Amino acid sequence: MALREIIILPDKQLRLVSKPIEKVTSEIRKLADDMFETMYDAPGIGLAAIQIAQPVRLITMDLAKPNPDGETKPEPRVFINPAIIASSDELSVYEEGCLSIPEYYEEVERPAKVRVRFTDLDGKVHEEDAEGLYATCIQHEIDHLNGVLFVDYLSKLKRDRVIKKFEKAAKRAE
Ligand code: ZN
């Protein structure tokens with residue numbers, strides 16, 4: 001496993017549409033391993049491959065909560081070529097953040113429940129109903145595969161403000 005660098009706003013690669021994965025190769029498994037290491041290190045609960053500059057439709061996620069003993073057992077999950085195949089009319093609001101937009105959090109409204117179809121690392125296709133944090137997280141990560149960021153859901157004023165802030169920071173770092 002290797003720690004990879006997470007690209008951040010305004011890196012243009014974040015706007016790329018990622019390509020479908022045709023076959024689960026050892027290269028894809030290695031990429032997933034690296035994504036978990038990078039995601040846990042950040043730390044974050046979800047990561048799309050494009051966030052480490054790999055434009056393929058691969059997501060890692062871990063939404064594990066502490067058990068009654070206060071311990072957290074990891075629940076690593078991999079989603080290959082994930083797609084939302086149904087969404088509820090009911091909406092819910094979560095305060096979202098993004099490893100590619102560090103230290104910025106805003107409330108975003110999305111469908112409260114979604115049905116997601118995806119392939120696992122063994123090449124098996126699954127369909128699952130997601131709600132709560134899982135629903136929000138999978139929608140946020142699939143957006144990344146389509147070049148969409150959570151700030152795109154904010155008012156133009158808020159979005160322009162955060163994008164400008166990160167552009168300025170990038171200029172200063174040059
Ligand atoms: Zn994100």
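Residues numbered from 1 in each chain as written. Predicted model: local features only at pLDDT ≥ 70, side-chain atom pairs only at ≥ 80, totals over all residues. Heavy atoms only, no water.

A separate point is the environment of Glu 127. With respect to the element layout, Glu 127 can be found in strand S7 (residues 125–131). For Glu 127, a relative accessible area of 36% translates into the label partly exposed. Those residues in contact with Glu 127 that sit more than four places away from it in its chain are Ile 85, Arg 115, Val 116 and Arg 117. One polar contact links Glu 127 to Arg 117, side chain to side chain, over a distance of 3.0 Å. (Helix = DSSP H or I, 4+ residues; strand = E, 2+ residues; numbered from the N terminus. Buried < 20%, exposed > 50% of the residue type's maximum accessible area, 1.4 Å probe, protein only. Contact = heavy atoms within 4.5 Å. Polar contact = N/O pair within 3.5 Å; in protein donor to acceptor, adjacent residues only side chain to side chain.)

For the rest of this paragraph, the subject is the coordination of the zinc ion. Within the protein, the atoms that donate to the zinc ion are Cys 98 (SG), His 140 (NE2) and His 144 (NE2), at distances of 2.1 to 2.3 Å. We note that the donor set of the zinc ion lies within a single chain, spaced as C-x41-H-x3-H. One end of the pair, Cys 98, is in strand S4 (residues 91–98); the other, His 140, is in helix H2 (residues 132–145), with 42 residues separating them in the sequence. Just as Cys 98 is buried, His 140 falls in that class too. (Donors = N, O, S within 2.8 Å, 3.2 Å for Na, K, Ca; no water.)

Turning our attention to the packing of aromatic side chains. Evaluation of the coordinates by the stated rule reveals four aromatic pairs. Measuring from ring centre to ring centre gives 5.9 Å for Phe 36 and Tyr 40, while their planes differ by 20°; the resulting arrangement is stacked. Here Phe 36 pairs with Tyr 40, and both are found in helix H1 (residues 26–41), just four residues apart, close to one helical turn. Through a chain of ring-to-ring contacts, three or more aromatic side chains come together here, namely Phe 79, Phe 118 and Tyr 134. (Phe/Tyr/Trp six-rings, centres within 6.5 Å; stacked < 30°, edge-to-face > 60°.)

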